[in-house]
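Breakdown of the fold
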Amino acid sequence: MARIAVLIFFTIISVILGVNSKVFGVEKRSVDDAIIEIMPDDIISTVSPYLFGSNIRWLWNADGAWDWKKKAANKNVLGALLELKPTVMRYPGGSEANRYDWRAGVGPVQLRPMLVGVDGNDVSFFGTDEFLALCKQIGAEPIITANAATLTERDAAEWVKYTNSRKKNDLMKVKFWEIGNEPEGEGIASRQYAEKVNLFANAMKAADPDIQIGAAVSDRNDPDAAKWDSPLLQAAGKNIDFITPHFYSIFNSGWVFYGDRAKSVEFNADSGGQYILEFIANGTPADGGWPIIAIKVNKAVVGKLTVESPVWRTYKMPINLSAGKNRITISFINDHVSKNGEDRNCFIYDMLVKKGNDVIYELFSGDNISNALFGTINDHEARLRNLKHRLQVAPKKDIKIAITEYNVIYNNKGHLPAGYSSRFDEISNLRSALFVGDLLSLFIREDVWMANFWALMGGMGNLQVSEEKIFYRPSYYVIKMFREHAGQRLCSNLVQVAKMNSVPLAIYPAHNDIPVLGVTSTVDRNGRIIVSVINRSGDTDINSTIRIKDSVGGYLRKATVLTGDSMEADGKHRGAISYYSTDAVTGTNEFKYLFPKHSVVQMELVPLSAK
């Protein structure tokens, strides 16, 4: 089926100049699309060194990172880690941590028993000693998630003693410990988890009073999150040094309806007449009744549909459109929760408008996914600020925020777009890499203390290995680029640039205020400035004037660039990725720069007075 991706609601308010996208970073003397002003003397905060971490699992020889026969890291993975320089590494996994018995991962490798993880049975060849040895080798601070689901506080305290109290210990000690992984998702009540946090924290700090304890909070971003977080913080806050929320943007369908509400989109039709409206949808029943949706085209209700299947099914109906702008509104009209807990919900994976075999509009198109994904930064920002507000109820007033998992998840249900074989195909693309840069920028702005990308290896990882080959995903390069901000001081910047809009997608609302460029600026004590710029546009290069608002006479500047053939490019199957650095040039405090479409550009500006 032919699919025509239509960029919708994307408005560039300044003049678009139509430059050649292959000429990256070329100065251009003409009307600018953006003005960026950097104020290096206006310091806001210091960037935590722990923002640039990752996760590594115990399973499957750390998903290929560990060569158990050689008792060493895979040489290609080690090389990639030494280049990446992660500042912190989390172990032994996410959900896997809730089943991991650390005692099965120490001692002679040949005597270690089989363990059951979420992915099956495995021997823990990559145990505690191997993990800590790798951390020492790459210079990363370890954080360990203690199993609070199937082990006791005494078991966790013994783990602390093992890592931190051995007389002859040439491995790194572990300062940071997390109590369980996503307990709310495991069905544990808030007060029950608070009791565990208190028991574990007291036992573990008795083993080593210098460690810091992290506790999980709700991973929801709605008012119910406070109902879980607040009792936890009140009951166990005295023993908590940091909280560990997880930040994922999840796009597994076009629209999610959990209650009676309506969602709309607007698009243009070249001509009036009859079209076909096509849905891919499923639902959950309650008291024998299935979800009913009402469909309105412009101002007229054109029909209702009963979504009577728990699996994805295609529904079609004829509609009449006018030439020019049209508006389609879908309403879920019979939400219901039964006495036995059945919840009637409706999920629309995709909605298409077709003229013959041509698709003139697609809800779950690449362009709509891109804009909605970048718009979720607003939702994550609101969640961070809500978390900071909820921390005020805790007895301790210096509890930090450690986002021990973050990433994006697409397409884990329904029909995958053409060319995709699994949701992990999407995670590997350039769009996801730009989103990682957006999240890291948010964490820097909001003074987050720790962040760990999920994950270093495997299906959702930055790296994949097969025998002697290694594959770098685009997000690897973004984290490597942003690593330059570690320990520096965030400074002010002002950006004048067009904004783009998004349609409501998945569980996220529409956003009308997404700047085409995202800019983060830091400066070190020697005056060196690092500016990271994300061009979120999928089809427009942005010509900019950059001004450094200070008294320095000029700068030696160079740029590192990550871009590709398209938002879908992954450097392996669906388009080439380009990662390169420009030659250093000497310039004044004001210069022009062309930011390629769908790119991350990092500029290093060294004052000429420092040379």
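A brief structural summary. Because the structure is a prediction, the values reported are computed rather than measured. (Residues numbered from 1 in each chain as written. Predicted model: local features only at pLDDT ≥ 70, side-chain atom pairs only at ≥ 80, totals over all residues. Heavy atoms only, no water.)

1. Brief notes about the overall build of the chain
- Each helix and strand counted, the chain has 10 helices and 37 strands in total.
- For the chain, the C-alpha radius of gyration of 26 Å lies close to 25 Å, the compact-globule estimate for 611 residues.
- Based on the C-alpha atoms only, the size of the chain along its principal axes is roughly 80 × 70 × 50 Å.
- When burial is assessed residue by residue, the chain has 57% of its 611 residues classed as buried.
- For the chain, long-range pairs separated by at least 24 residues make up 78% of all intrachain contacts whose partners lie at least 6 apart in sequence.
- Side chains of the chain carry 70 positive and 68 negative charges; the gap between the two charge centres is 1 Å. (Helix = DSSP H or I, 4+ residues; strand = E, 2+ residues; numbered from the N terminus. Rg over C-alpha atoms; globule rule 2.2 N^0.38 Å. Buried < 20%, exposed > 50% of the residue type's maximum accessible area, 1.4 Å probe, protein only. Contact = heavy atoms within 4.5 Å. Lys, Arg positive; Asp, Glu negative; His and termini not counted. Charge placed at Lys NZ, Arg CZ, Asp CG, Glu CD.)

2. Things to note about the sheet that holds strand β16 (residues 292–297)
- With respect to topology, four strands assemble into an open sheet ordered β14-β19-β16-β17, the strand pairing being antiparallel. Each edge of the sheet is formed by a strand with only one pairing partner; in this case those strands are β14 (261–269) and β17 (300–306). Going from strand to strand, the sheet's axes swing by 20° on average, the running direction of each strand aside.
- In the sheet, β16 pairs with strand β19 (residues 324–332) via five bridges, with the strands oriented antiparallel. Counted as the bridge partner of I295 is I330 from β19. (Pairing = 2+ DSSP bridges. Axes fitted to C-alpha atoms, helices over the stretch in contact; angles between N-to-C directions.)

3. A look at the pairing of strand β6 (residues 114–117)
- Only one face of β6 is covered, namely the face carrying L115 and G117; the face carrying M114 and V116 is uncovered.
- Bridging between β6 and strand β7 (residues 120–123) involves four bridges; their strand directions are antiparallel. Residue pairing across strands places L115 opposite D122, the latter belonging to β7.
- Adjacent in sequence and paired antiparallel, β6 and β7 are bridged by two residues.

4. Some details on the packing of helix α3 (residues 128–138) against helix α4 (residues 153–164)
- Here α3 crosses α4 at 45°, and the two axes come no closer than 11 Å. When the interaxial angle is binned, α3 and α4 end up oblique. Helix-helix and strand crossings are classified by hand; for α3 and α4 the assignment is right-handed. Along the contact surface, α3 presents T128, D129 and L132, while α4 presents W159, Y162 and T163.
- A class-by-class count of the residues in the contact of α3 with α4 yields three nonpolar, two polar and one charged. (Parallel < 35°, antiparallel > 145°, perpendicular 65-115°, else oblique. Left-handed = near helix turned anticlockwise from the far one by under 90°. Nonpolar A, V, L, I, M, F, W, Y, C, P; charged D, E, K, R; others polar.)

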